[in-house]
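Chain by chain, the residues run as shown.
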Amino acid sequence: MREFLERLREAVGVDPPSGVQLAPGIDPKRLTNAARWASFGQEQPVLFIDNTVFGSGKAGVLLTSQALYYDDPKTRVALGEILEPPVFPEGVKQQGSLRTSRGEVKLPFILGDAEILRRVLLAIVSINRGTASPATPPLTGPIGELAQQFLRHDQVNLAPDLPRKKLRAAAASFTEWLDHATGERPIAFLDETALGKGDEGVLLTDRRLLAYTEASGKHVMIPYSAITGVSVKKGFMETKLEVSAAQFSAPIPLITCADAVEPLTLFLRGLLRLPPEQRWEPPVSHATAEDPSGAFGLLQALGAPDVRIPILLRFVGEMTRQGAMPPAVGADFVARIHMLHQTQAFGRGMVHGTRISPLHGPDFHYMLSTVFGDPTHVAATQGPPEAQRGSSGVTHTLDFALTRRPNAVGAGVSTAVGLAALALIGVGWVSTPKRNIQGVRVVATDLPCSTGFSALGMLSGRFGPLATMEPTVLGWLLDALDDLEAIFTFYRAAFGWQIAPAHLLQWGGELPGRVAQLLGPTDLSAFDVRCA
C-alpha cells in the first residue's frame, strides 16, 4: 500500500488543485457525500477527485485500495481489471474511455484538471503490468524528448492524447498527411479553426511539419531534415511562423493558435541542434521469436485502439503462432492492420499526395463497387516503376456513375455484411452534395502492403480533386472505406488470397466458427458480421 500511495503522489504532483485529495488528507464530508454514488464499504479510500463546482463531493472520482469509482456514469472498476492506458480521442479535456478486462467503459468528464486523472490511471496500469514507468506509449527518441520538453501548451494537443475527430477532418482537407505505410507517427496537433473543426492547423510528426490555414491558402510540407532556421513575425491580426528549409521554406500564419507560437518555435529550434539524419524516428518492429508476426507486440504497443483492431491482431497472431499462417504472411497482415489502425485513429494516410488503403489492388477495386456499383469504365496504364514508393508503375483508372446501386448484394453477402451498412455507404449518401457532380473517378496504384489512390469528381464533363470539388462527399467516402477495409482485411486473413474478391464475402457464414476455433467465442458485431 505504501508503494501504491507513492506512485499516486507522483502522478498527482507536488501542488495538486484543492479538489484533489490523497489519503490521509481526504475530507470526511466529501467521503460521506461520495458514499451516495460509491459503495466502497470497508475499502480504504486513497484518492478523491472532486468534480463539483463548490467542492461538496457529491460528484467525482474515488480511488480505493481495491477499485475505481465515479458517478457519471455510476461505475465501479476493480483495480486489477485496469490493464490498458486510458484513451482520450478528442483530447484529455474531453470524455475518454478505459479498456478493462471486462470490456470498455466510459470515463467521466472532469471539470478541473483532467490530466491528473489520466496520470493516475497510467500509474495503475504500470503497477498492474509491473513496470516502473507510465504505460502510455512514449514519445521516443530525440524528437519525442523535444516534444515533451517544449510542446506542453494549452493550444497544443500532444501525443498520445490527440483529437481523433480533428485529425480525421484535417486528413481530408490537407494535401499531404501521415505516411502510414512507412510508420510515420503524429506527435502534436494545433487546431487553427475558430470553431474547433480541425480541418485547418499544424501537424507535427516524427519527421515532418504539415500545415494548412485558410489565411495562407497554402498547404505546407517541411521535412525536419531540411530546416535551417526559424523566426517569428508578429502582426496586428496574425503571427507568422517563418521556417527556412530550402525549397520547402514557408510562412505559417497563426491566428487562433498565435499564443502557441513560442513553444512551436522552441521545438523547431531544438531540432536544429540535431544532425539532419537524426531528425526522424525509424519505424519500430514488434516481431520476436515467440511472436513471429509481431501481432501481439503491436497490440501491446497500441494500448486501447478501435475494438476491431485487437480481434484482427489476436487472430493473425494465433494463426501464425499455431503454424496455420507463414510468419511472412502474418507480418504482411500485421502491417496492413497497423495501417488500418492508423487510418481509423488519425485519418487517411498519404504518400506524395496520394491516399493509401491497406487493401491489395484487386480487393480495393472490388470494394469501390460495393460503394458505387460497377464501374462504367476501367483502364490500366504502365508507367515507369517508382523505387522510392515501391510501386510497379501500373495505374488503374476506374470511373463510376452516381446513379448505380452498390454491387455487394445477394444471399451470400447477407450472411456476412449487414445490408443496413451497405445501404448507408452506398450511393444513397450522394443525394445531397452542394454541387451536382455527375461521377467519381478513382486512380489507383499498387504499393507494398497497400494501394495508393486519388479521388476525383466530375462536374460539367470535367474532372477535379474531390477534396476541393466536394469535400463532404470525400469525407463520407473515406468513412465508408474505413469500415469496408476492416471487413476485407478480416476475410483475407481468415480465408487466404486464393479466393477472387467478388466471391470473398460469400464465406461470411464460416467466419464466426473459424474465429471461435482460435480465440473462443468472439463478438464480431463491430465488423457488422452476422453471427448465427
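Treat the numbers as computed from the prediction; the structure is a model and nothing was measured. Residue numbers run consecutively from 1 along every chain, following the written order of its sequence. Side-chain atom pairs in this predicted model are given and counted only at pLDDT of 80 or more, local residue features only at pLDDT of at least 70, and totals for whole chains, interfaces and linings cover all residues. The side-chain figures draw on all heavy atoms in the structure; neither hydrogens nor water molecules are used.

### Things to note about the sheet that holds strand β11 (residues 208-213)
Stated formally: In this scheme, strands are said to pair when DSSP sees at least two bridges between them. We count a stretch as a helix when DSSP gives it H or I for four or more residues in a row; a strand needs E for two or more, and each element gets its number in order from the N terminus.
Pairing is antiparallel in the open sheet, where 5 strands are placed in the order β8-β9-β10-β11-β12. The sheet is open, and its two edges are formed by β8 (157-158) and β12 (218-223), each paired on a single side. Examined bridge by bridge, β11 and β12 share 6 bridges and lie antiparallel to one another. Bridge pairing in β12 places R208 opposite P223.

### A word on the packing of aromatic side chains
Where we set the bar: Under the pairing criterion, centres of Phe, Tyr and Trp rings, with the six-membered ring standing for Trp, must be within 6.5 Å; the plane angle then separates stacked pairs below 30 degrees from edge-to-face pairs above 60, leaving the rest tilted. Working definition: with a 1.4 Å probe on protein chains only, accessible area under 20% of the residue-type maximum means buried, over 50% means exposed, and in between means partly exposed.
For the coordinates displayed, the defined rule picks out 11 aromatic pairs. Between F174 and W177, the ring centres sit 5.2 Å apart and the planes meet at 80 degrees, which makes this aromatic pair edge-to-face. One exposure class covers both F174 and W177, and it is buried. Note on Y366 and F488: the rings are 6.2 Å apart at their centroids and 55 degrees apart in plane angle, and the pair reads as tilted. Here Y366, found in helix α10 (residues 361-372), pairs with F488, found in helix α14 (residues 471-495); they are 122 residues apart in sequence, far enough to count as distant. Just as Y366 is buried, F488 falls in that class too.

### Some thoughts on helix α9 (residues 327-346)
Defined as follows: In a helix, the anticipated span is given by 1.5 Å times the number of residues less one.
When the terminal C-alpha atoms of α9 are compared, their 28 Å separation across 20 residues agrees well with the 28 Å that a helix rising 1.5 Å per residue should span. The buried fraction of α9 is high, at 14 of 20 residues.

### Description of the packing of helix α5 (residues 164-173) against α9
As a reminder, the rule being used: Between N-to-C directions, angles cover 0 to 180 degrees, with each direction set by a line fitted to C-alpha atoms, over the stretch in contact for helices. In this scheme, roughly parallel covers angles under 35 degrees and roughly antiparallel covers those over 145, while 65 to 115 is roughly perpendicular and the rest are oblique. Should any heavy atoms of two residues lie within 4.5 Å, those residues are considered in contact. The residue classification treats Ala, Val, Leu, Ile, Met, Phe, Trp, Tyr, Cys and Pro as nonpolar and Asp, Glu, Lys and Arg as charged. All others, Gly included, are polar.
Between α5 and α9, the shortest axis-to-axis distance is 7 Å and the interhelical angle comes to 100 degrees. Here α9 runs roughly perpendicular to α5, going by the angle between their axes. Note on element contacts: α9 touches α5 through T343, Q344, A345 and F346, opposite R164, L167, R168 and A171. Per-class residue counts for the contact of α5 with α9 are 4 nonpolar, 2 polar and 2 charged.

### Let's talk about the side chain of E192
The cut-off we apply is this: This count recognises Lys and Arg as positive and Asp and Glu as negative, with His and chain-terminal groups excluded. The salt bridge definition used is simple: a Lys or Arg side-chain nitrogen within 4 Å of an Asp or Glu carboxyl oxygen. Definition of a polar contact: a pair of N or O atoms within 3.5 Å, with one able to donate and the other able to accept a hydrogen when the atoms are protein atoms, and with sequence-neighbouring residues admitted only if both atoms are side-chain atoms.
Take E192: it is sitting in the loop between β9 (186-191) and β10 (201-205). Among buried Asp, Glu, Lys and Arg side chains, E192 stands out as unpaired, with K166 the closest opposite charge at 11 Å. Within the structure, E192 has its side chain in polar contact with the backbone nitrogen of T256 (distance 2.9 Å). If we ignore the near neighbours within four places in the chain, the residues touching E192 are E200, G201, T213, P253, L254, I255, T256 and C257.

### Looking at helix α7 (residues 295-302)
Rules: Note that the arc is computed from the directions linking the helix axis to the C-beta atoms.
Among the residues of α7, those classed as buried are A295, L298, L299 and L302. For α7, the buried positions fall inside an angular range of 100 degrees around the axis, keeping them on one side. Buried residues along α7 sit in contact with β6 (97-100), α8 (308-321) and α9.

### Thoughts on the confidence of the model for the protein
We apply this condition: Looking at any residue, its pLDDT shows the predictor's confidence there, from 0 to 100.
Looking at the protein, the pLDDT average stands at 84 and 88% of residues meet or exceed 70. When the criterion is pLDDT under 50, residues 132-136 qualifies, and its contacts beyond four places in sequence or with other chains add up to 13 contacts. This model gives residues 408-434 a pLDDT under 50, and the stretch forms 52 contacts once residues within four places in sequence are excluded.

### Quick word on the nonpolar core
Quick reminder of the rule: Nonpolar cores were defined as sets of buried Ala, Val, Leu, Ile, Met, Phe, Trp, Tyr and Cys residues, with membership established by side-chain atoms within 4.5 Å.
If you look at the biggest cluster of nonpolar residues, it comprises 57 residues, and the most contacted ones within it are L313, F315, F364 and F490. The element contributing the most residues to this core is α14, with 14 residues. Ignoring anything within four residues of it in the chain, the contact list for F490 reads I311, L312, F315, L511, V515, L524 and F527. The next biggest cluster of nonpolar side chains, apart from the first, holds 34 residues, and it includes V202, L204, A226 and L271.

### Describing the pattern of salt bridges
Oppositely charged side chains are able to pair whenever their charged atoms sit close together. Overall, the coordinates contain 20 salt bridges when judged by the stated rule. Across the salt bridge formed by D206 and R185, the nearest N and O atoms sit 3.2 Å from each other. Of this pair, D206 sits in the loop between β10 and β11 while R185 sits in the loop between α5 and β9, and the two are 21 residues apart along the sequence. According to the relative accessible area criterion, D206 is buried, its value standing at 2%. Between R336 and D332 there is a salt bridge, with the nearest N and O atoms lying 2.7 Å from each other. Placement of both R336 and D332 in helix α9 is noted, with a separation of 4 residues, approximately one turn of the helix. Take R336: its relative accessible area is 8%, and that puts it in the buried class.

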